[in-house]
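Geometric and topological summary
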Amino acid sequence: MSTLYSTKVTATGGRSGSVRSEDGILDLSLAMPKELGGMGGATNPEQLFAAGYAACFENAVIHVTRAQADRVRDGDIEVVGEVGLLPGSGGGFNLAVTLDVTIAGVDQAKAEEIVKAAHAVCPYSNAVTGNVDVTLNVAIR
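Below you will find a few notes about this structure.

Each helix and strand in the protein chain was counted, giving three helices and six strands. Starting at the N terminus, the α and β elements of the protein chain follow one another as β-β-β-α-β-β-α-α-β. If one aligns the C-alpha atoms of the protein chain with their principal axes, the spans along those axes are about 50 × 35 × 30 Å. A burial count over the protein chain gives 29% of its 141 residues as buried. Expressed as a percentage of contacts within the protein chain between residues at least 6 apart in sequence, the contacts between residues at least 24 apart total 48%. Accessible area for the protein chain stands at about 8800 Å²; split by element, carbon and sulfur atoms hold 53% of it. Once the 10 positive and 16 negative side-chain charges of the protein chain are each reduced to a mean point, those two points are 5 Å apart.

This part covers the pairing of strand β1 (residues 9-12). Judged from the four bridges that link them, β1 and strand β2 (residues 18-21) form a sheet pairing that is antiparallel. Its bridge partner lying in β2, Thr 10 is registered against Arg 20.

The next point concerns the nonpolar core. In this structure, Phe 57, Val 61, Val 101 and Ile 103 are the most contacted members of the largest nonpolar core, which totals 24 residues. The contacts of Val 101, once residues within four sequence positions are left out, are Phe 57, Ile 77, Glu 78, Val 79, Val 115, Asn 137, Val 138 and Ala 139.

Bringing the pattern of salt bridges into the picture now. Under the defined criterion, the tally for this structure stands at three salt bridges. Its salt-bridge partner being Arg 15, residue Glu 46 comes within 2.4 Å of it at the nearest N-O pair. With Glu 46 in helix α1 (residues 45-65) and Arg 15 in the loop between β1 and β2, this pair connects stretches of sequence that are 31 residues apart. Two residues, Arg 20 and Asp 27, come together in a salt bridge whose shortest N-O distance is 3.7 Å. Given the relative accessible area of 42%, Arg 20 is considered partly exposed. In this structure Asp 27 comes out as partly exposed when scored by relative accessible area, which is 47%.

Right, let's talk about the sheet that holds strand β3 (residues 27-29) for a bit. Ordered by their spatial adjacency, three strands build an open sheet running β1-β2-β3, and the pairing between neighbours is antiparallel. Strands with a single pairing partner mark the edges of an open sheet, and in this sheet they are β1 and β3. Each neighbouring strand pair of the sheet contributes to a mean axis angle of 10°, computed without reference to strand direction.

Attention shifts here to helix α2 (residues 108-121). Each turn of an α-helix holds 3.6 residues, which means side chains three or four residues apart point in the same direction. With 14 residues, α2 extends 20 Å between its outermost C-alpha atoms, agreeing within 8% with the 20 Å of an ideal straight helix rising 1.5 Å per residue. Along α2, the residues classified as buried are Lys 110, Ala 111, Ile 114, Val 115 and Ala 118. End-on view of α2: buried residues confined to an arc of 135°, all on one side of the axis. Opposite the packed face of α2, turned more than 90 degrees from it, sit the exposed residues Ala 109, Lys 116 and Ala 120. Its side-chain oxygen placed 3.3 Å from the backbone nitrogen of Ala 109, Asp 107 serves as the N-cap of α2.

Reading guide: rules and limits
- Residues numbered from 1 in each chain as written.
- Predicted model: local features only at pLDDT ≥ 70, side-chain atom pairs only at ≥ 80, totals over all residues.
- Heavy atoms only, no water.
- Helix = DSSP H or I, 4+ residues; strand = E, 2+ residues; numbered from the N terminus.
- Buried < 20%, exposed > 50% of the residue type's maximum accessible area, 1.4 Å probe, protein only.
- Contact = heavy atoms within 4.5 Å.
- Areas by Shrake-Rupley, 256 points an atom, 1.4 Å probe, with all protein chains shown as cover.
- Lys, Arg positive; Asp, Glu negative; His and termini not counted.
- Charge placed at Lys NZ, Arg CZ, Asp CG, Glu CD.
- Pairing = 2+ DSSP bridges.
- Core = buried A, V, L, I, M, F, W, Y, C linked by side-chain atoms within 4.5 Å.
- Salt bridge = Lys/Arg side-chain N within 4 Å of Asp/Glu carboxyl O.
- Axes fitted to C-alpha atoms, helices over the stretch in contact; angles between N-to-C directions.
- Expected span 1.5 Å × (residues − 1).
- Arc of directions from axis to C-beta.
- Polar contact = N/O pair within 3.5 Å; in protein donor to acceptor, adjacent residues only side chain to side chain.

Structure below.
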């Protein structure tokens with residue numbers, strides 16, 4: 001199977017450093033969140049993961065409905081991603097994710113069916129299955 005897309009991002013300085021993509025489009029300073037004893041004032045890995053997962057999941061919703069009568073478009077969906085950092089066993093850490101998915105133009109049962117299908121195809125969902133607790137909240141508008 002051939003790779004559809006690949007990118008490289010270099011991180012330096014850990015949580016108080018920076019990240020930069022090979023094409024320079026992503027070029028951000030990082031800071032330890034105040035909640036973890038840091039200075040805050042810049043993004044952090046959890047925010048970046050939440051942003052990536054939410055955006056990818058939204059596209060997965062659009063993808064799974066392309067051939068359906070109830071096709072979902074960009075303006076019909078909002079995904080809010082929340083990533084929590086939790087203490088893990090042995091001094092390590094774990095992540096927990098909540099995705100609040102709101103879809104317009106469908107009923108609740110259809111929205112839940114769409115989100116379930118999107119969760120099955122989203123690369124972020126597939127990557128974290130069995131490793132990260134993911135809560136999916138579905139609403140309609």
